[in-house]
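Each chain, written out:
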Amino acid sequence: MATFRTRPAMLPLMSILLALAATALAHGGHDAVPEGEAISPEPIDTTLWIHILLQTLAWGILFPTGMVLGLVKSRWHVPVQILGSAIAIPGYFLGHLHKGRQFGENAHAGFANWLMLLLIVQVVLGVYLRLHLEKGFLGRVRPLQIKAHGILGGIIPVAAWVQMLFGGIAAQGFCQGEHTGQCAAHFIMGSAFVGYGIVLTILLVNGSGFLKRTGRSQEFWDSCVIAAWGCVNTFTEHRWGGPWVRNDLQHTSMGIIWWAAGLVGIWLSRDKQGRPKRNLIPAIVIFMTGWGMSAHPQSLELSTHVHSFFGYTLMSVGVTRIVEISFVLKDRSTIEGDEDEVNSFQYLPPFLLYASGFLFMGATEEQMALLASNNVTHVAYILILFSISFLLFLFVLMLLSLYSANTKPSSLLRKDDGERPLANGLANGHPRIANATDRAAADAQEFELEGLMSDDDDAEGGAMTKGTNGHPR
C-alpha cells in the first residue's frame, strides 16, 4: 500500500496520464468534417502517419511474435511484449493528437478503447503471473488466470486485425450509408479467406499432431466451417420479405451450396472402419465459389477485372488442393514416411487463399471507384495485393518456424542429412546452423574421443620408430 511519503512522487506521473486521457476523451475535430461526409478534405498529417506505423509495428508484428514466444515459454516473451506495449500506448494517444484530416464518428475510434482495455487486462495478468503469487487466494485462482492470459493472447491478434481494417476504412471514409452492407461482406469474407489460409499453413507446418489427437481428418473441420458459413450466408445475403435485388439470388444460392456440400464433406471424412479419411469436397466448394465470383456482374471495368482475377485465384485454390490430396499425398494426411516433410507444392493452396482474401477485401465499390478515378490499372493493383499477400505469408511462416525451432528436438527438425538430397553440397542448399544442443553434443563427443585420438597418435608414432620385428630401425 502506498504511504503519504510515496504519493507526492507519483503525482507528476499521474498528472501526465490524466492529461493524456483527458486529451483522448475530449478528442474532437468532427466539426471540420463537411456535412454528409465521413472525412475532411485535408491530407493525413505526419502525426497520424507515425500513429499508423507505430500501431502496425506493435499490434501487427511485436504482439504476434510475443504470443508465439509465450507459447514456447521463451525468456524473450516478456521483453517483446513490454516493447510492444511501450510502442502501442504512445501510438494510441498520437491517434488523438493529430491535425490534418479529421474524421467523423467511426468504428475505428470506438473499437480502439476496447482494444486498449484488452491490452491493459493482458498486461495486468502477465505481471501477476510473473510475480508467481502462489499462496492463499491468489494461488487458488492462478490456473484460471493462466487460462485467461492464454485466451486473451489468442484474441488480441484477431482484434488487432479487425482494428487495422477499421483504420484503413476510416482513413478513406469508406463503408458509409448504402455502402455499409457490401463493404462489410467484402471485408468479412476476405478476412475469412485469409484466416483459412493461415489455419491451413499452421496445419501444414505444425498440425499433424493436432489432427492425430482429434482423430479427424482436415476435411472434417473444413467441411464443418463451410456448412456453418453456408447457413449464415443463406439467411443473411437477402433481406427476407423484400424484393430480390442485384446479386441477392447468386449470394444466397452460394450459401446453399456451401452448407449442402459441407454436410457431404463431413459424411465422407471417415472411412468404413471409422478412421479419418481425406476427401475433395472442400476443394470443390472453393472452386465453385471462385467460378461464381469470376462471373459476378460489376458496374466498372476495373471492378470486373479485379473480381474476375479473384475468382480465378480462388478456383486455383480448389484445383491445387485437389492435386495435393489426390496426387501429392495420395489421400494420406502427410507425405509417406515423414510427418514433418512438406512438399513444395503444398504451400500453394494456403498462399492462394491469402491472395484471394486480399483481392476480395480490395474490391469494394468505393475502392474501385477511387482507383478508377486515379487511372490505376487492374494489373498494378493486383500486383500490389499479391505483394501484401506474400509478405503476410512470409510473416506467418517465420512465426511457425520460430515455434518449431523452440518445441521440436533437433533430431526431429532434421532426421538424417545423409539421406536427403544435397544442393551445393548442403542439405536444401543452405548451411545448417547448429543450435545449443548440437554444440553441446559436439563438445561432449570431442571430449570423449580426445583420449582415443591421443592413444592412436602414440601408437602410430611408435610404429614409425620400430621395425617389423619390434627393434628400432
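The structure this text deals with has already been given above.
A few points on the structure. Small disclaimer: the values here were computed from a predicted structure and weren't measured.

Further remarks concern the packing of helix α7 (residues 180-206) against helix α15 (residues 378-407). Where α7 meets α15, the closest approach of the two axes is 10 Å, and the angle between their N-to-C directions is 35°. As for the relative orientation of α7 and α15, their crossing is right-handed in sense. Here V194, I198, T201, I202, V205 and N206 of α7 lie close against α15, whose contacting residues are L392, F393, V396, L397, L400, Y403 and S404. The residue makeup of the contact of α7 with α15, split by class, is 10 nonpolar, 3 polar and no charged.

Before going further, it helps to spend a moment on unusual backbone geometry. Negative phi is the rule for most residues except glycine; trans is the rule for most peptide bonds. Backbone geometry at H132 places phi at a positive 55°, although glycine is not the residue there. One can find H132 in the loop between α4 (107-130) and α5 (136-140).

Looking now at helix α6 (residues 142-172). Under the 1.5 Å per step criterion, the end-to-end length of α6 is 45 Å for 31 residues, consistent within 8% with the ideal 45 Å. Within two residues after α6, G173 carries a phi angle of roughly 70°, on the positive side.

Turning our attention to helix α14 (residues 365-373). Of the positions making up α14, those classed as buried are E366, Q367, M368 and L371. Taken together, the buried residues of α14 touch α7, α12 (301-328), α13 (348-361) and α15. Looking one or two residues beyond α14, the residue adopting positive phi is N375, at roughly 60°.

One pass over the structure, following the stated rule, counts 1 disulfide. Here C175 engages in a disulfide with C183; their sulfurs sit 1.6 Å apart. Accessibility assignment for this pair places C175 and C183 in one class, buried.

Glancing now at the pattern of salt bridges. A full pass over the atoms with the stated rule returns 6 salt bridges. Note that R275 and D271 form a salt bridge whose closest N and O atoms lie 2.9 Å from each other. Here the salt bridges share partners, and the residues they tie into one network are E219, D222, R278 and R321.

What follows deals with the environment of S85. Looking at where S85 falls in the secondary structure, it is placed in helix α3 (residues 77-94). Residues S85 and V123, 38 residues apart in the sequence, show an inter-C-alpha distance of 8.4 Å.

This part is about the packing of helix α2 (residues 46-71) against α3. Between two packed helices, what matters for the description is the angle formed by their axes and the separation of those axes. Running from amino to carboxyl end, α2 crosses α3 at an angle of 155°, the nearest separation of the two axes being 8 Å. Classified by the angle between their axes, α2 and α3 sit roughly antiparallel to one another. The two elements α2 and α3 meet at a crossing, and its hand is left-handed. A per-class count over the contact of α2 with α3 returns 15 nonpolar, 10 polar and no charged.

A word on the nonpolar core. In terms of nonpolar packing, the biggest core is built from 44 residues, with F187, F310, L314 and L353 touching the most fellow members. Listed by contribution, the elements that provide at least two residues to this core are α6, α7, α10 (248-267), α11 (281-294), α12, α13, α14 and α15. The dominant element in this core, judged by the number of residues it contributes, is α13, at 9 residues. In this structure F310 touches F193, M293, S356, L359 and F360, once residues within four positions along its chain are discounted. If you look at the next biggest cluster of nonpolar residues, it comprises 17 residues, including W59, L62, F93 and A112.

With that settled, consider the packing of aromatic side chains. One pass over the structure, following the stated rule, counts 14 aromatic pairs. Pairing F351 with F390 gives two aromatic rings, centres 4.2 Å apart and planes at 25°, and the pair type is stacked. Of this pair, F351 sits in helix α13 while F390 is found in helix α15, placing the two residues 39 residues apart along the sequence. F351 sits in the buried class, given a relative accessible area of 7%. On the accessibility criterion, F390 (47% relative accessible area) is partly exposed. Considering the side-chain rings of Y354 and F393, the 5.2 Å spacing of their centres and the 65° angle between planes classify their relative orientation as edge-to-face. Note that Y354 is positioned in helix α13 and F393 in helix α15, a separation of 39 residues in sequence. Classification of F393 as buried rests on a relative accessible area of 10%. Members of the aromatic cluster, connected to one another through ring pairs, are F309, Y347, F351, Y354, F386, F390 and F393.

Cut-off values and rules
- Residues numbered from 1 in each chain as written.
- Predicted model: local features only at pLDDT ≥ 70, side-chain atom pairs only at ≥ 80, totals over all residues.
- Heavy atoms only, no water.
- Axes fitted to C-alpha atoms, helices over the stretch in contact; angles between N-to-C directions.
- Helix = DSSP H or I, 4+ residues; strand = E, 2+ residues; numbered from the N terminus.
- Left-handed = near helix turned anticlockwise from the far one by under 90°.
- Contact = heavy atoms within 4.5 Å.
- Nonpolar A, V, L, I, M, F, W, Y, C, P; charged D, E, K, R; others polar.
- Expected span 1.5 Å × (residues − 1).
- Buried < 20%, exposed > 50% of the residue type's maximum accessible area, 1.4 Å probe, protein only.
- Disulfide = S-S within 2.5 Å.
- Salt bridge = Lys/Arg side-chain N within 4 Å of Asp/Glu carboxyl O.
- Parallel < 35°, antiparallel > 145°, perpendicular 65-115°, else oblique.
- Core = buried A, V, L, I, M, F, W, Y, C linked by side-chain atoms within 4.5 Å.
- Phe/Tyr/Trp six-rings, centres within 6.5 Å; stacked < 30°, edge-to-face > 60°.

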